[in-house]
Amino acid sequence: MTTARQIHLVRRPNGKPVAQDFALVEAPVADAGEGEIQVTALLMSVDPYMRPRLDADQALDAPLLGGGIGRVVQSKNPKFKEGDLVRHGAGFREVFVSDGRGVSVLHPDPDLPLTVYMHALGGTGITAYGGLLETGALKDGEQVMISTAAGAVGSVAAQIAKLKGCYVVGTTGSDDKVAWLRDEVGLDAVINYKTQPLAEAVKAATPKGIDVYFENVGGAHLDAALPRMNVRGRIPVCGMISTYNGDGEGVKNLFNLIYGRVRMEGFVASDFPHLNQAFLADMTGWLKAGKIKYQETVLDGFERAPEGLIGLFEGKNTGKMLIHIAD
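Residues numbered from 1 in each chain as written. Predicted model: local features only at pLDDT ≥ 70, side-chain atom pairs only at ≥ 80, totals over all residues. Heavy atoms only, no water.

Draft legend 1. The arrangement of the packing of aromatic side chains in detail. Scanning the entire structure with this criterion turns up four aromatic pairs. Measuring from centroid to centroid gives 5.4 Å for Tyr129 and Phe279, while their planes differ by 65 degrees, and the two rings are edge-to-face. With Tyr129 in helix H2 (residues 123–135) and Phe279 in helix H8 (residues 276–288), the pair connects residues that are 150 residues apart, well separated along the chain. Looking at Tyr129, the relative accessible area reads 6%, which means it is buried. Between the aromatic rings of Tyr129 and Trp286, the centroid separation amounts to 6.4 Å while the plane-to-plane angle is 50 degrees, which identifies the pairing as tilted. Highlighted residues: Tyr129 in helix H2 and Trp286 in helix H8, separated in sequence by 157 residues. No difference in accessibility class separates Tyr129 from Trp286, as the two residues are buried. Taken together through their ring pairs, the aromatic side chains of Tyr129, Phe279 and Trp286 make up a single cluster. (Phe/Tyr/Trp six-rings, centres within 6.5 Å; stacked < 30°, edge-to-face > 60°. Helix = DSSP H or I, 4+ residues; strand = E, 2+ residues; numbered from the N terminus. Buried < 20%, exposed > 50% of the residue type's maximum accessible area, 1.4 Å probe, protein only.)

See the structure below:
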């Protein structure tokens, strides 16, 4: 028996989370028993979807829900051997014991950094891939708009659309991100929603309308996109981050769904297990060929997980927000 640190939620946030909503706790960790493994954390993922869970299914005084990559350090389970790298959803715990459910062995490509398996080749990647190609039913050469196009999901969705020969408009919240999306990623138009009038900018950037709007924000972004949707357009709804802290903006233009015969559909990453093989092959090839670019914000230290989550709602991340714990 040893002890290891955990990140606990100790009170429900009132609006945007603050540091006092969380606590760093030492907790006992047992050795692996029969059929079990003990895993030490290497990387943890911080994602916007975590915020709504703090109001609902995240228990108080318990490890923060979340996923990551770890290394098996003890194994009494024949499906795992010591030294295996694994993906897990065991939450924000430095060390944990598992019977193997919800844990899968990871075989990373030696030519790619391990961190990409937390975004482009991980949950955010399959979210972008499935949301755009299946839920959004993207066709080659269509007109596409992506909100928060410099984020972990949005940047992958935008680049997949470009690989499919589409005209792609992205929105983001800083001039640095605008420059990256325009100059490095190669989007056709990029809007800084903090400095430009959003509805007018979206109209000017979409002279041929929008066939697929990949929604990550909601509120004013959705209101700006709706009048520009082409007949039989699709709006795959990945997220609505503008609403997560309880201060969402109203939407006035939903009536455009009616006569435009626009389909608006939510989705989650777990909807796409049947796409996983194709996704891994495509994304690995694109990354190794330099066709998918990415950015990471990596905070060193397990104790910085709350800082990372709070930072998502302050625009402090560029690309995927990760917590580095060990190598």
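Draft legend 2. The packing of H2 against H8, seen in detail. Closest axis-to-axis distance for the H2/H8 pair is 11 Å, and the angle between their directions is 110 degrees. It follows that H2 is roughly perpendicular to H8 by the angle criterion. Between H2, through Gly125, Ile126 and Tyr129, and H8, the contact on the second element is made entirely by Ala278, Phe279, Asp282 and Trp286. Residue composition of the contact of H2 with H8, by class: five nonpolar, one polar and one charged. (Axes fitted to C-alpha atoms, helices over the stretch in contact; angles between N-to-C directions. Parallel < 35°, antiparallel > 145°, perpendicular 65-115°, else oblique. Contact = heavy atoms within 4.5 Å. Nonpolar A, V, L, I, M, F, W, Y, C, P; charged D, E, K, R; others polar.)

Draft legend 3. A look at the side chain of His88. Within the secondary structure, His88 sits in strand S5 (residues 85–88). Residue His88 is classed as buried on the basis of its relative accessible area, which comes to 6%. Among the polar contacts listed, one links the side chain of His88 to the backbone nitrogen of Ala90, at a separation of 3.0 Å. Apart from the residues within four sequence positions on either side, His88 is in contact with Met44, Gly66, Gly67, Gly68, Ile69, Gly70, Phe96, Gly102 and Val103. (Polar contact = N/O pair within 3.5 Å; in protein donor to acceptor, adjacent residues only side chain to side chain.)

Draft legend 4. Inspection of the environment of Val10 at higher detail. With respect to the element layout, Val10 can be found in the loop between strand S1 (2–9) and strand S2 (22–29). C-alpha of Val10 to C-alpha of Ala59: the two residues are 49 residues apart in sequence and 8.7 Å apart in space. Residue contacts for Val10: discarding those within four places in its chain leaves Gln20, Asp21, Phe22, Ala23, Leu60 and Asp61.

Draft legend 5. Inspection of H8 at higher detail. Compared with the 18 Å implied by 1.5 Å per residue over 13 residues, the 18 Å span of H8 between its first and last C-alpha is a close match. By the burial criterion, the buried members of H8 are Phe279, Met283, Thr284, Trp286 and Leu287. Looking straight down H8, one finds that the buried residues subtend no more than 165 degrees of arc, so they occupy a single side. Turned more than 90 degrees away from the buried face of H8, the exposed residues are Gln277 and Ala281. For H8, the secondary structure elements touched by its buried residues are H2 and helix H3 (152–163). Gly290 occupies a position one or two residues after H8 and carries a positive phi of about 75 degrees. (Expected span 1.5 Å × (residues − 1). Arc of directions from axis to C-beta.)

Draft legend 6. Here's a closer look at the sheet that holds strand S9 (residues 167–172). Reading across the sheet, the six strands line up as S10-S9-S8-S11-S12-S13 and stay open at both edges, with parallel pairing between neighbours. The sheet terminates laterally at strand S10 (189–192) and strand S13 (263–266), the two strands that pair on one side only. Going from strand to strand, the sheet's axes swing by 15 degrees on average, the running direction of each strand aside. By the bridge criterion, four bridges tie S9 to S10 in an arrangement that is parallel. Looking across to S10, one finds that Thr172 is bridged to Asn192. Its contacts with the sheet place H3 against strand S8 (143–146), S9 and strand S11 (210–214), and it is angled at close to 170 degrees to S8. Helix H4 (residues 175–185) contacts S9 and S10 of the sheet and is inclined by roughly 175 degrees relative to S10. (Pairing = 2+ DSSP bridges.)

Draft legend 7. Just the pairing of S8, in detail. Of the two faces of S8, both are covered, the one formed by Gln143 and Met145 as well as the one formed by Val144 and Ile146. Sheet topology note: the S8/S9 ladder contains four bridges and is parallel. When the bridges of S9 are listed, Ile146 appears paired with Gly170. In terms of handedness, the path from S8 via H3 over to S9 forms a crossover that is right-handed. (Right-handed = clockwise from strand over helix to strand, strands pointing away.)

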